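What follows is the residue order along each chain.
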Amino acid sequence: MVIALTGFMGSGKSSVGRELATLLSSPFIDLDDYIVGKAGMSIPEIFAASGEEGFRALETEALAEVIGTPSSATASGHLVLSLGGGTILRPENAALIASHCRCVFLRTSLETVRRRLSGESAGRPMLRRADIGELFASRAAAYASAADVIIDTDSLAPADIAGRIAAGL
Ligand code: S3P
């Protein structure tokens, strides 16, 4: 099974994903890292060269490669995939995730993401393009509707969140 982690920037998708993969002895893919490897450019460089649309096109291609390839899953049957904060927004991505993944929404409060993301805008171009509060509010329903499971993570450490996800499989 592909376990896909979604949520806003700073919700802990990558750190929880790493913990969960270790717990399940499964491979781990961070979609942003996969995109960077595929493009040979950092995320800010991709945004600068081809805009958000260019980045989103690469993201859709990368998602299809990662979850459309049956060999991605190991003998144990699991692959842990940390999505980007905007991945589930494109309907074709949401459809692919719905048909191939168990999707877990790592829900955080706006205060938590503001605290975690302060000073992080260099690596996260969306933070420079949009008001964080508006972006957060505009995406909340999309994360929830893509999710099979929602975990409120504000007071939990990554290892605890990973443990809860693993226990619910
Ligand atoms: C984005 C989130 C980023 C990355 C890109 C766009 C977004 O991933 O995919 O900068 O639109 O929320 P993280 O959520 O891992 O920071």
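See the structure above.
Here's a quick rundown of the structure. (Residues numbered from 1 in each chain as written. Predicted model: local features only at pLDDT ≥ 70, side-chain atom pairs only at ≥ 80, totals over all residues. Heavy atoms only, no water.)

**Let's talk about unusual backbone geometry**
For residues besides glycine, phi is generally negative; the peptide bonds are generally trans as well.
Next, step 1: For Ser25, which is not glycine, the phi dihedral falls at a positive 50°.
Next, step 2: By the secondary structure assignment, Ser25 is in the loop between α1 (13-24) and β2 (28-30).
Next, step 3: The exposure class of Ser25 is exposed, given its relative accessible area of 63%. (Helix = DSSP H or I, 4+ residues; strand = E, 2+ residues; numbered from the N terminus. Buried < 20%, exposed > 50% of the residue type's maximum accessible area, 1.4 Å probe, protein only.)

**What about the packing of α1 against helix α8 (residues 158-167)?**
Next, step 1: Where α1 contacts α8, the axes come no closer than 8 Å and their chain directions differ by 55°. Judged on the interaxial angle alone, α8 and α1 are oblique. Our pair here, α1 against α8, has a crossing hand that is right-handed. Across from Ser15, Val16, Glu19, Leu20, Leu23 and Leu24 in α1, the residues of α8 making contact are Pro158, Ala159, Ile161, Ala162, Gly163, Ile165 and Ala166.
Next, step 2: Here the contact of α1 with α8 is built from residues that sort into 10 nonpolar, 2 polar and 1 charged. (Axes fitted to C-alpha atoms, helices over the stretch in contact; angles between N-to-C directions. Parallel < 35°, antiparallel > 145°, perpendicular 65-115°, else oblique. Left-handed = near helix turned anticlockwise from the far one by under 90°. Contact = heavy atoms within 4.5 Å. Nonpolar A, V, L, I, M, F, W, Y, C, P; charged D, E, K, R; others polar.)

**Quick word on the side chain of Glu59**
Next, step 1: With respect to the helices, strands and loops of the structure, Glu59 is situated in helix α3 (residues 43-67).
Next, step 2: In terms of polar contacts, Glu59 uses its side chain to reach the side chain of Arg56, at 2.9 Å.
Next, step 3: Dropping the residues within four chain positions of it, Glu59 is found in contact with Leu31, Ile35, Gly84, Gly86 and Thr87. (Polar contact = N/O pair within 3.5 Å; in protein donor to acceptor, adjacent residues only side chain to side chain.)

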